[in-house]
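Each chain is listed here by its residues.
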Amino acid sequence: MPELRVYHFSEQAYHAAWEIETDSLRVTLPNRNCDPAVASNIINERLDEWMLCDELGLDIMVNEHHSSATCLSPSAAIPLAMLARQTRRARLLGLGFAVSLRRDPVWLAEELAYIDVVSGGRLDIGLPKGAPYEISPTNSNPVKITERYWDAHDLLLKALSHQDGPFNWESEWFNHRQVNIWPRPFQQPHPPVFVTGGSPGTARSVGERGHVLVTILGGWKARELFDIYRRRSLEVGRGFPGPDRFGYCALMGVGETEAEGHRRLQEIAGYFRTTSIVGEAFMNPPGYMPPPANAQWLKRNQTRGRAGDHFPATTRDGRKLKIGSGAGMGTGVSAQDMVDAAIAFTGTPDQVYEQIVEFCAHSGGVGNLMIMGQGGELSHAETVANLSLFSREVLPRLRELDQSAFVDAARERLEQPVATA
Amino acid sequence: MTSTRTIHSSTAVVDEVSIDLVRAGEGKQLLFLHPVDGVDPAQPWFGGLAECFDVIAPSHPGFGASEWPSEFRTVGDLAFFYLEAIRELQIEDAVLVGSSFGGWLAAEIAVRSTAAFSHVVLVDALGIKVGGREDRDIADVFAVSQEELTRLAYHDPDRRRRDYSAMSDEELLAIARSREAYTYFGWSPYMHNPGLRRWLRRIRVPTMVVWGASDGIVSPDYGRAFAAEIPGARFELVEAAGHYPHLEQPERFVDLTREFADA
């Protein structure tokens, strides 16, 4: 059974901007609010933390967003390129590269192959579909974005894996006549692909292709999505997928005492209180969702409103938590609430270990855990303490975790006739 | 100005595409090309036109309940579709009227052929670029809230707010489909075709450009620049109206159209 891999993730938020009274931390907040010296400190601290991961036995996950105070990385390829050179061991996951928003997936393939070669084959390629608020900053047509995404995905993977001279690509979305990238990637036929998905449709599509399905802060409903993946994988003859095909991303604050862990978590959870402060127009551009879903959205949202239930987290016993950033949200949510909703692992090392094991058991085996070990205003020193303690006290036990019983339980569950519950 | 005339709403198959069509009135034919949201025949402007015209108001492919063939990628494709529709629906010696996005579409049709039309009326039309690269000729409707959009679009926004929660699922779906298609065709280059301006000179039938004085989406100056590209085009400013003068000043709009087309 493959080990459980743990990636450390931070959004590299410019948290100084969180004090600004604004209805949008994304797209429209003027960048005069960004002090480059402050940004420089933030980015270098985050890079130092990822370098530390290489020593601590943790893997590395970076992301990208555009025109946003919530994330200073405009391309996951940039931090990964630096880390490819400066680390020796860690896997380097970009989750991800907004491939359908890029003008040219071939150019992205070239950058990814370079990173993979420099790192000696440590790149993991995450391909998210792109959040609605990335649409305007990248001037990407929101209509038919899912079709464009899969076309970009196909072109990217062909560019990475094709070795027989230039090939042609004339699709609805992309036009090339001479695709033949140099260098080609270190890993064959191409680096592993991770896809984020919160919808049944995505889970099916990813299961069909055998990529790693990652659920970000989806809580207990990850199991539902993983089961859709498992069923589809069986249907298309890929067999029953092991834990390495699944990933889960949640917040993580650990401490010598429960109180210390909870305090760290609450600082990281500043993420929830800011990430969905987005101007109404950018929350759901027309066409981003299919028309029937948009019709219902119109009905519910007279004014589309800011934030809403951006993270409508639900506990295992069905209690709904308002964890987003709208009025009255977030601040009243306790560390225990977040644990109950499985959107955070927190407390002492024993507690964190047990929470992770419970989540993996419930989900039928999870091979990739992405912990947000830094977020919000958690300082560099506190982040180092958080990650070091995790690495010393939790990681070795996770490495020894045998998930075969979790997988067997999932297999049994799927072999049962579909229950009506 | 409400009409007592019969309004026929139907689904027509034109050039193998199923589209919604509203038709009312008698007299000279008038093809009305709608803006993002479709035609509501209960509106006074519609009844007013139907008093003296045979008004033919389709929903564009992809809009409302009309089918959207995947080959239709540009406003130019919609224009060719309409040239086929004009032939199949036997539209002749007609008035071509287009509002906003429908005005852009009307211009794209007219630069290809005006054979079926005696007159063209463009109402707060989109479709061309008149300013420099850093001038935003057309307000970015995808970057403003619903409330701001209502303020930009109407002279009197207080009378124009819509209650979506009171609408049927069918109406809401039609709105959602229309906005999706409008976004697709107008996303980039934003609400215009860089090639269109050069060809506006091909519109050689009498043309009137009608503009709401309070239009916050495309200014009257944009309208004047539009008119200047069309040989002999007349420009009419409508006071106390925004982007949709036919909605806010229906009598004035109907009178102008009727007088211009001599109907």
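Thresholds, definitions, all that
- Residues numbered from 1 in each chain as written.
- Chains lettered and ligands numbered in written order.
- Predicted model: local features only at pLDDT ≥ 70, side-chain atom pairs only at ≥ 80, totals over all residues.
- Heavy atoms only, no water.
- Helix = DSSP H or I, 4+ residues; strand = E, 2+ residues; numbered from the N terminus.
- Rg over C-alpha atoms; globule rule 2.2 N^0.38 Å.
- Buried < 20%, exposed > 50% of the residue type's maximum accessible area, 1.4 Å probe, protein only.
- Areas by Shrake-Rupley, 256 points an atom, 1.4 Å probe, with all protein chains shown as cover.
- Lys, Arg positive; Asp, Glu negative; His and termini not counted.
- Charge placed at Lys NZ, Arg CZ, Asp CG, Glu CD.
- pLDDT = per-residue confidence, 0-100.
- Contact = heavy atoms within 4.5 Å.
- Expected span 1.5 Å × (residues − 1).
- Axes fitted to C-alpha atoms, helices over the stretch in contact; angles between N-to-C directions.
- Parallel < 35°, antiparallel > 145°, perpendicular 65-115°, else oblique.
- Left-handed = near helix turned anticlockwise from the far one by under 90°.
- Nonpolar A, V, L, I, M, F, W, Y, C, P; charged D, E, K, R; others polar.
- Buried area = accessible area lost by both parts, 1.4 Å probe.
- Salt bridge = Lys/Arg side-chain N within 4 Å of Asp/Glu carboxyl O.
- Polar contact = N/O pair within 3.5 Å; in protein donor to acceptor, adjacent residues only side chain to side chain.
- Pairing = 2+ DSSP bridges.
- Right-handed = clockwise from strand over helix to strand, strands pointing away.
- Core = buried A, V, L, I, M, F, W, Y, C linked by side-chain atoms within 4.5 Å.

**Description of the overall build of chain B**
- Of regular secondary structure, chain B possesses 9 helices and 8 strands.
- Its C-alpha atoms give chain B a radius of gyration of 17 Å, near enough to 18 Å, the size a compact globule of 263 residues would have.
- Projected onto its principal axes, the C-alpha coordinates of chain B cover approximately 45 × 45 × 40 Å.
- When the 263 residues of chain B are sorted by exposure, 57% land in the buried category.
- Total accessible area computed for chain B in this model is approximately 10800 Å², and 45% of it derives from carbon and sulfur atoms.
- Taken together, the 25 basic and 40 acidic charged side chains of chain B have centroids lying 6 Å from each other.

**With respect to the environment of A:Asp23**
- Tracing the backbone through its elements, the reader meets A:Asp23 in the loop between β1 (5–9) and α1 (36–56).
- Put simply, A:Asp23 and A:Gly279 are 256 residues apart on the chain and 5.7 Å apart in space, counted from C-alpha to C-alpha.

**As for the confidence of the model for chain A**
- The predicted model of chain A averages 92 in pLDDT, with 94% of residues at 70 or higher.
- Low confidence marks residues 304–309 of chain A, where pLDDT is under 50. Its contacts with residues over four positions away, or in another chain, come to 21 contacts.

**A short note on helix α5 (residues 169–186) of chain B**
- Given a rise of 1.5 Å per residue, 18 residues ought to cover 26 Å, and the 25 Å separating the end C-alpha atoms of α5(B) matches this to within 8%.
- Of the residues making up α5(B), those classed as buried are B:Leu172, B:Ile175, B:Ala176, B:Ser178, B:Arg179, B:Glu180, B:Ala181, B:Tyr182, B:Thr183, B:Tyr184, B:Phe185 and B:Gly186.

**Thoughts on the packing of helix α2 (residues 75–88) of chain B against helix α3 (residues 101–112) of chain B**
Residue and element names in this part refer to chain B.
- The geometry of α2 relative to α3 is characterised by a closest axis approach of 9 Å and an angle of 65 degrees between their N-to-C directions. If you check the angle between α2 and α3, you find them roughly perpendicular. When you trace α2 past α3, the crossing you get is right-handed. Packed against α2, whose contacting residues are Val 75, Gly 76, Leu 78, Ala 79, Phe 80, Tyr 82, Leu 83 and Ile 86, the element α3 presents Phe 101, Trp 104, Leu 105, Glu 108, Ile 109 and Arg 112 at the interface.
- Here the contact of α2 with α3 is composed, by residue class, of 11 nonpolar, 1 polar and 2 charged.

**Side note on the interface of chain B and chain A**
- Contact with chain B, which involves 25 residues of that partner, is made by 24 residues of chain A.
- Approximately 2200 Å² of surface area, both sides summed, lies buried where chain B meets chain A, with 59% of it carried by carbon and sulfur atoms.
- Taken together, the links from chain B to chain A amount to 2 salt bridges.
- Among the salt bridges present, the one from B:Arg73 reaches A:Glu172, with a minimum N-O distance of 2.9 Å.
- At the boundary of chain B and chain A, one finds 7 residue pairs in polar contact (both at pLDDT 80 or more).
- Sort the elements by how many residues they give to the side of chain B that touches chain A and α5(B) lands first, with 10 residues.

**Things to note about the sheet that holds strand β8 (residues 234–238) of chain B**
All names here are of chain B.
- The mixed open sheet is built from 8 strands, whose spatial order is β1-β2-β4-β3-β5-β6-β7-β8. Sheet topology places β1 (7–14) and β8 at the edges, where each strand pairs with a single neighbour. Between one strand and the next, the sheet's axes are offset by a mean angle of 20 degrees, whatever the strand orientation.
- Relative to strand β4 (residues 53–58), strand β3 (residues 28–33) runs parallel, the two sharing 4 bridges. What sits directly across from Leu 30, in β4, is Val 55.

**Quick notes on the side chain of B:His60**
Residues and elements named next belong to chain B.
- Topologically, His 60 is positioned in the loop between β4 and α2.
- When its relative accessible area of 0% is taken as the criterion, His 60 is described as buried.
- One polar contact links the side chain of His 60 to the main-chain carbonyl oxygen of His 34, over a distance of 2.9 Å.
- Among residues more than four places away in sequence, those in contact with His 60 are Leu 33, His 34, Ser 66, Tyr 82, Phe 101, Gly 102 and Leu 105.

**A few points about unusual backbone geometry**
- Cis rather than trans, the peptide bond between A:Leu95 and A:Gly96 has omega equal to -5 degrees.
- Here A:Gly96 lies in the loop between β3 (92–94) and α3 (105–118).
- In this chain, B:Ser188 is followed by B:Pro189 through a cis amide linkage whose omega measures -10 degrees.
- Mapping B:Pro189 onto the fold places it in the loop between α5 and α6 (196–199).

**Examining the pairing of strand β5 (residues 94–99) of chain B**
Residue and element names in this part refer to chain B.
- In terms of residue burial, β5 counts as a mostly covered element, since 6 of its 6 residues are buried.
- Sheet topology places β3 next to β5; 4 bridges connect them, and they run parallel. The residue bridging Leu 31 from the neighbouring strand is Leu 96, located in β5.
- Looking at chain direction, β5 and strand β6 (residues 117–123) are connected through 6 bridges and run parallel. By the bridge assignment, Val 95 is partnered in β6 with His 119.
- In this region the chain leaves β5, passes through α3 and returns to the parallel neighbour β6; the handedness of that crossover is right-handed.

**Re the side chain of A:His211**
All names here are of chain A.
- Locating His 211 in the fold gives a position in the loop between α5 (200–209) and β8 (212–216).
- Residue classification places His 211 among the buried residues on the basis of a relative accessible area of 8%.
- Sequence-distant contacts of His 211, defined by excluding residues within four places in its chain, comprise His 153, Leu 157, Val 193, Val 195, Val 206, Tyr 229 and Arg 245.

**Some thoughts on the nonpolar core**
- Of all hydrophobic cores here, the largest spans 103 residues; its most connected members are A:Leu156, A:Ile356 and A:Phe390.
- Top contributing element to this core by residue count: helix α4 (residues 145–161) of chain A, with 8 residues.
- Once residues within four sequence positions are removed from consideration, A:Ile356 is found in contact with A:Leu4, A:Phe345, A:Leu369, A:Phe390, A:Val394 and A:Leu398.
- Of all hydrophobic cores here, the second largest spans 95 residues; its members include B:Val22, B:Leu31, B:Ala106 and B:Ala153.

**A look at the pattern of salt bridges**
- Per the stated rule, a full pass over the model turns up 37 salt bridges over all chains.
- A salt bridge links A:Arg397 to A:Asp350, with the shortest nitrogen-to-oxygen separation between them at 2.9 Å. Of the two residues, A:Arg397 is situated in helix α13 (residues 380–399) and A:Asp350 in helix α12 (residues 349–363); the sequence distance between them amounts to 47 residues.
- In this structure A:Asp350 comes out as partly exposed when scored by relative accessible area, which is 42%.
- With a closest N to O distance of 3.5 Å, B:Arg252 and B:Glu236 form a salt bridge.

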